[in-house]
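Results of the structural survey
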Amino acid sequence: MPWPGLAVSPAASPFTDPAVVSGLLYGSADRLARRTGALHRARVSGRHAGHVIADLAAQTATPPRRNTRIADIGCGRGTTTGMLTQQLPAAAVVGVDISPALLAAARYRLPAESGAALACADFHHLPLADASCDIVVAAFCLYHSAAPGRVIGEITRCLRRGGTAILVTKSTDSYRELDHLVAAAGLDPLALSRPSLYQAAHSGNLPALASGHLRVQRVIHHAHRFTFADLAHAAEYLATSPKYQLPAQVAADAAALTAVLRERLPDHRVTTTSTVTYLTATRHADEATTTPATHRKRYREGSGRQRAEQNYRWLASLGGPMRLPGLLATEGQDLVFAHVDGRHAQPGDLVGLADHLGATHAHAHGAELGRARLSEPFRTSSGHQIPGFLGVRLAAVARELASGSVPGSALTIDQAAFLLRGACDGPAAFYKDANPRNFLITPAGPVTVDFDELTLAPFGYDLAKLVVTLAMTHGLLPARLITSAIDAYNTAASQHRPGSGILTRGKLMSFAELHHILTARYLGHAGYRHSWDTLRPDRPS
């Protein structure tokens with residue numbers, strides 16, 4: 001049961017709250033030491049991140065030069081800084097952190113012979129000259145900024161042309177099993193719905209954030225597994241986490257937290273997981289040290305801009321496999337995004353995008369939408385309301401069919417309404433207008449753009465939209481390609497969320513007929529050159 005009098009309102013991520021970061025988290029070195037110590041003692045698989053970073057830096061600095069300059073941003077207690085000096089003893093290494101307490105710990109821990117310099121500064125304003133660094137490391141710190149794209153822009157300024165950034169973060173579902181533990185004990189009833197500590201810069205959006213400033217070279221995901229021997233060992237970590245709203249009687253006190261956990265739960269081993277993502281990217285050799293390229297989306301009305309921004313922020317908060325461009329600024333009725341260097345989707349990308357959509361939909365269902373009913377609007381844990389699947393589509397389908405402007409529709413108004421209502425019986429995913437121009441294909445994977453529309457939708461509905469609009473843009477799609485896409489979608493969905501709803505070919509083609517009705521009006525515009533009624537590989541069943 002919840003602790004008496006415990007507040008149960010969700011809050012924004014404390015990792016981006018300057019007061020929390022400068023005070024509770026890093027006002028002293030002790031809390032960070034206890035948190036990392038608890039994790040290191042519990043880790044049973046996954047290589048120490050500092051060693052991986054040092055190896056990546058050594059690969060970048062091959063052959064090593066005596067004048068190689070390396071900056072370790074957010075260096076904390078200096079663990080990675082020290083490993084960099086050991087791996088590259090001829091390099092000049094500087095550690096930068098905003099916390100005087102952490103830098104004091106780093107000075108104590110770094111051997112004098114390392115030669116590392118330390119500087120106290122905000123990573124939004126680095127005390128480094130333009131084009132002064134060969135390598136810049138930013139490990140486990142970008143998610144402390146509400147605008148991590150600005151930090152990456154500052155890192156880019158400091159890199160010489162051809163220099164390398166090594167950016168490291170975690171997945172938004174890291175340590176998710178601990179959320180279940182805290183909720184089961186009644187210590188924080190909203191533990192499962194609180195935003196991830198890593199939502200600002202996570203495994204899913206890091207490539208898009210980086211590509212707004214740098215040329216992404218490599219993205220590596222390492223799975224880490226941790227086993228706490230009992231509830232006492234788990235409490236050592238939980239007492240240092242700012243994610244939960246724990247009662248004052250146990251907050252930050254591992255012994256008191258252990259006692260309450262043991263009163264409410266059987267003592268047991270606790271296993272949790274995390275994904276650590278390493279990204280290496282280079283500054284373009286011919287890039288000037290000016291403001292990075294951006295994409296500006298202008299809205300006729302402020303309400304449209306606000307709705308698109310809310311849609312974007314909810315999608316970004318989910319984490320998971322979806323990659324989004326960095327949102328750099330909101331200016332009047334404009335949203336300003338980091339430019340993404342990619343191309344629009346083509347038929348050859350269908351299977352890969354189907355895999356991506358299946359994983360994305362299953363992740364969203366597991367994170368939030370498992371509580372949603374497709375026939376009704378859904379209010380997320382952050383308060384964003386997502387329209388239901390049924391209402392707007394019933395009216396729109398009836399209007400389009402009644403107009404007589406839909407060529408060769410395979411559905412009558414009654415049949416379309418029956419199909420829409422029947423689709424509401426399944427589990428909920430979402431619809432975000434999956435047409436070829438709303439995906440940018442990049443070396444690091446697809447990036448999703450355009451956030452004007454977002455509603456609930458059944459599994460597979462977005463994939464059907466992609467099939468229809470690819471055909472309308474490029475012509476007939478081979479039947480075997482569609483079959484492969486369905487298989488990829490189902491496989492990805494089941495791997496991310498077992499039992500997430502199986503998409504049959506008949507269901508996908510039925511959804512395609514709904515999209516034909518709703519999209520036919522755009523034929524001859526937006527790149528749509530072919531009508532679906534001349535391209536459909538088979539009829540709905």
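Residues numbered from 1 in each chain as written. Predicted model: local features only at pLDDT ≥ 70, side-chain atom pairs only at ≥ 80, totals over all residues. Heavy atoms only, no water.

With that settled, consider the pattern of salt bridges. Per the stated rule, a full pass over the model turns up 24 salt bridges. With its nearest N and O atoms 2.6 Å apart, the salt bridge here joins Arg-47 to Asp-55. Since its relative accessible area comes to 24%, Asp-55 is described here as partly exposed. One salt bridge in this structure joins Asp-334 and Arg-296, with 3.1 Å as the shortest N-O distance. Taken together, the residues span a long stretch of sequence, with Asp-334 in strand S11 (residues 334-338) and Arg-296 in strand S9 (residues 294-298) at a distance of 38 residues. Owing to a relative accessible area of 3%, Asp-334 belongs among the buried residues under this scheme. Classification of Arg-296 as partly exposed rests on a relative accessible area of 41%. Residues joined in a network through salt bridges with shared partners are Arg-296, Arg-298, Glu-331 and Asp-334. (Salt bridge = Lys/Arg side-chain N within 4 Å of Asp/Glu carboxyl O. Buried < 20%, exposed > 50% of the residue type's maximum accessible area, 1.4 Å probe, protein only. Helix = DSSP H or I, 4+ residues; strand = E, 2+ residues; numbered from the N terminus.)

With that out of the way, let us pick up the packing of aromatic side chains. Tallied over the full model, the rule gives 13 aromatic pairs. Considering the side-chain rings of Tyr-175 and Tyr-237, the 5.5 Å spacing of their centres and the 50° angle between planes classify their relative orientation as tilted. In this pair, Tyr-175 sits in the loop between strand S6 (159-170) and helix H7 (176-184) while Tyr-237 sits in helix H9 (residues 231-238), placing the two residues 62 residues apart along the sequence. Both residues of the pair, Tyr-175 and Tyr-237, belong to the buried class. Ring pairs connect the aromatic residues Tyr-175, Phe-226, Phe-228 and Tyr-237, which therefore count as one cluster. Here the guanidinium or amino end of Lys-170 rests over the ring plane of Phe-140, the centre of that ring lying 5.4 Å away. Sitting over the face of the ring of Tyr-431, Arg-393 holds its NZ or CZ atom 5.1 Å from the ring centroid. (Phe/Tyr/Trp six-rings, centres within 6.5 Å; stacked < 30°, edge-to-face > 60°. Lys NZ or Arg CZ within 6 Å of the ring centre and 35° of its normal.)

Overall, the predicted model of the protein chain reaches an average pLDDT of 88, with 93% of residues at or above 70. Throughout residues 1-11 the model reports pLDDT below 50, and contacts reaching past four residues in sequence, or to other chains, amount to 32 contacts. (pLDDT = per-residue confidence, 0-100. Contact = heavy atoms within 4.5 Å.)

Let us now look at the sheet that holds S9. The sheet built from three strands is open, its strands ordered S9-S11-S10 with antiparallel pairing. Lying at the two open borders of the sheet, with one neighbouring strand each, are S9 and strand S10 (327-331). This sheet shows a mean twist of 20° between the axes of neighbouring strands, independent of strand direction. (Pairing = 2+ DSSP bridges. Axes fitted to C-alpha atoms, helices over the stretch in contact; angles between N-to-C directions.)

Two elements, strand S1 (residues 43-45) and strand S7 (residues 215-228), share two bridges in a ladder whose sense is antiparallel. Each residue of the ladder has a partner; that of Ser-45, found in S7, is Arg-225.

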